[in-house]
Every structure is written in C-alpha cells, then in structure tokens.
Amino acid sequence: MASGPMQTCCVKGFKHDGTPTGRIESSFVNTQLGPVDAYITEPKISGSDEKKHGILFIPDVIGHTSNNAQLLADQFAARGYYVVIPDLFYGDFIEMNNFANVDLAKWKLGHYSDRKLAHDPASIDPIIEACIKKMKMELGIKKLGAVGYCFGAKYVVRFLKEGSFDAGYGAHPSFVDTEELAAITRPFSIAAAEIDGIFTAEGRHQSEAILKKAGVPWQIDLYGGVSHGFAVRGDIKDKRLRFAMEAAFSQAVDWFKFHLDD
C-alpha cells in the first residue's frame with residue numbers, strides 16, 4: 001500500500017477555537033443507502049451568484065461536524081471556493097480523542113452503527129459520486145477540486161480521474177492502495193508528516209515512483225518534526241505546529257490556484 005490503515009493517531013488531536021460561518025444542509029444528496037447531510041460554506045462573490053470553482057472537502061474519521069474541518073473549509077471559501085464537506089459515515093463519525101470507546105477496525109466494519117454499515121468504498125463512493133454530480137450539474141461548479149485529510153485522502157485519489165475532480169490535495173493520507181494511486185489522471189499534491197506510521201518514508205518514496213510513472217502533475221511536501229494529523233488536528237498553540245499547519249493549507253491553496261483558477 002502507498003499508505004497504511006488507520007491507527008490511534010487518526011483520532012488524536014486538538015480542537016481549534018473559532019465559530020464556523022457555514023451551515024449544515026440536511027439531505028444535501030441522496031444515495032441508495034439514504035440521505036447525506038453536508039456542511040456548506042460559500043464564497044462572497046461581489047455582484048454575482050456565479051459559482052465558478054468548488055472544493056469537495058473529504059474529511060477524516062472525525063467527520064463533517066468537526067469544528068476543525070469546518071474552520072478549514074471556511075478558509076478555502078474565503079479564497080473564493082464553494083466548499084462542501086459531506087457526511088461520509090451517515091452519522092457514525094468518531095469523536096476526537098475517543099480512544100477508550102472505539103476500536104478502529106470494528107468501527108470501519110460498522111460495528112458501532114445501528115445500521116452496521118461498513119465505512120468502505122461500497123458505502124462512500126456513492127456519496128462522492130452524488131456530491132460531484134450535484135456540485136457540477138445543479139450548482140454549476142465549472143472546476144472542482146478535492147481535499148482529503150487522513151481517511152478522506154483515499155477518496156480524493158480514487159476520484160482523480162476523467163470527469164470527476166480537476167485537481168486534488170491530500171494531507172497525511174491513509175488507506176491508499178498503490179493501484180488507486182497509479183490510476184490517477186489529474187494533478188495531485190500531498191502534504192506529508194515526517195513522523196507518520198501510516199504514510200511512512202517508504203510509502204512516500206513508493207508514491208513518488210508511482211506518481212512519476214503516472215505522468216500527471218504531482219507534488220509531495222514533507223513537513224519536518226510534525227506527526228500524522230497535523231494539517232487538521234495539530235496544536236495551534238505550538239508555534240512550530242501552527243506554522244506547519246498553515247503552510248500545508250497554503251500548499252493546497254497554491255495548488256488549486258494554479259490548476260483550477262482561470
């Protein structure tokens with residue numbers, strides 16, 4: 001695998017202060033498995049209702065209600081993007097730092113949900129497909145990027161293909177198969193942590209070789225002295241971690257500015 005399965009670092013983090021400016025929209029899309037809520041945050045476009053550029057924000061296991069994720073989405077919206085964070089888990093997301101009550105392997109198989117719905121491509125791909133369709137066909141998004149953090153990065157990779165996303169960004173990815181990475185046909189940027197038992201140095205080097213062979217624009221930036229999850233759950237009171245988190249965000253913004261903006 002280009003990156004390995006989840007570990008406890010996927011749940012560990014620091015809640016960021018601030019009040020999100022977007023909204024939760026019930027039943028933003030519907031799949032055969034049921035309605036999917038989403039967090040929506042929009043840019044302020046002076047004198048126009050046109051939505052030229054959008055970002056599908058694919059979250060980690062903390063989900064779409066995470067204050068951290070919503071604040072990051074608002075930052076993307078402030079740069080001019082219409083941003084959607086879908087509920088990938090039909091309400092069965094994990095509370096940050098919930099180590100005592102959740103076995104990640106069992107959670108992935110849906111053991112903690114009343115529906116016993118596994119959190120895998122069979123349940124998540126239809127959500128991504130429905131969001132892409134709605135954002136492009138109904139909302140009129142002309143160019144669509146995707147960001148994915150940890151768990152979410154896998155689904156950025158899976159949909160970096162013709163007719164889906166125009167460009168993608170993933171931070172400290174998990175669960176990405178080498179075959180998925182090799183199949184991408186659109187630009188991809190990765191923010192990697194030096195201290196990461198999931199996206200390891202070996203995994204980074206393997207990913208470099210795969211991306212070179214894929215022949216698409218790519219980028220891997222390595223942030224020294226930080227751990228898995230830093231780009232969305234880092235301690236912003238720590239000056240070094242805050243710098244890395246802000247730099248990783250700027251990496252994504254610069255990537256989309258080049259590949260999405262006219």
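For the structure, check the block above.
Because the structure is predicted, anything quoted here is derived from the model rather than measured.

Engineer: Hey, could you go over the overall build of the protein chain for me, with residue numbers and the actual values?
Structural biologist: Looking only at helices and strands, the protein chain features 8 helices and 8 strands. Residues counted as buried form 56% of the 262 residues belonging to the protein chain. The long-range share in the protein chain, meaning contacts at least 24 apart out of those at least 6 apart in sequence, stands at 72%. Put simply, the protein chain shows about 11,600 Å² of open surface, and 50% of that area lies on carbon and sulfur atoms.

Engineer: Residue-level account of the packing of aromatic side chains, with values.
Structural biologist: Enumeration over the complete set of coordinates arrives at 12 aromatic pairs. A ring pair is formed by F159 and F165, whose centres lie 6.4 Å apart and whose planes are at 65°; its orientation type is edge-to-face. On the basis of relative accessibility, which here comes to 1%, the residue F165 falls in the buried class. The structure contains a cluster of three or more aromatic residues connected by ring pairs, namely F57, F76, Y149, Y169 and F249. Geometry around F28 places K134 over its ring, the cationic atom sitting 4.4 Å from the centre.

Engineer: Report on the side chain of H64, specifying residues and quantitative values.
Structural biologist: As for its position among the elements, H64 is in the loop between β3 (53–58) and α1 (67–78). On the accessibility criterion, H64 (4% relative accessible area) is buried. Those residues in contact with H64 that sit more than four places away from it in its chain are I24, D37, A38, Y39, P59, Q70, I85, P86, D87 and F93.

Engineer: Any chance you could break down the pairing of β3 for me, citing the residues and the numbers?
Structural biologist: In terms of residue burial, β3 counts as a mostly covered element, since 6 of its 6 residues are buried. For β3 and strand β5 (residues 143–149), the ladder comprises 6 bridges, and the chain directions are parallel. Across the sheet, the residue bridging to F57 is V147, located in β5. Bridge count between β3 and strand β4 (residues 82–86): 3 bridges; the pairing is parallel. Looking at β4, one finds that G54 is bridged to Y82. For the crossover from β3 across α1 to β4, the handedness is right-handed.

Engineer: Give me the nonpolar core: which residues, what numbers.
Structural biologist: The biggest cluster of nonpolar side chains holds 48 residues, and the ones touching the most others in it are I128, F151, F165 and F188. For this core, the element with the most residues is helix α3 (residues 121–138), which contributes 7 residues. Setting aside its immediate chain neighbours within four residues, F188 contacts V156, V157, L160, G168, Y169, G170, L181, L211, P217, W218, Q219 and W255. Ranked by size, the runner-up nonpolar core spans 32 residues in total, among them A77, A191, A248 and W255.

Cut-offs and rules
- Residues numbered from 1 in each chain as written.
- Predicted model: local features only at pLDDT ≥ 70, side-chain atom pairs only at ≥ 80, totals over all residues.
- Heavy atoms only, no water.
- Helix = DSSP H or I, 4+ residues; strand = E, 2+ residues; numbered from the N terminus.
- Buried < 20%, exposed > 50% of the residue type's maximum accessible area, 1.4 Å probe, protein only.
- Contact = heavy atoms within 4.5 Å.
- Areas by Shrake-Rupley, 256 points an atom, 1.4 Å probe, with all protein chains shown as cover.
- Phe/Tyr/Trp six-rings, centres within 6.5 Å; stacked < 30°, edge-to-face > 60°.
- Lys NZ or Arg CZ within 6 Å of the ring centre and 35° of its normal.
- Pairing = 2+ DSSP bridges.
- Right-handed = clockwise from strand over helix to strand, strands pointing away.
- Core = buried A, V, L, I, M, F, W, Y, C linked by side-chain atoms within 4.5 Å.

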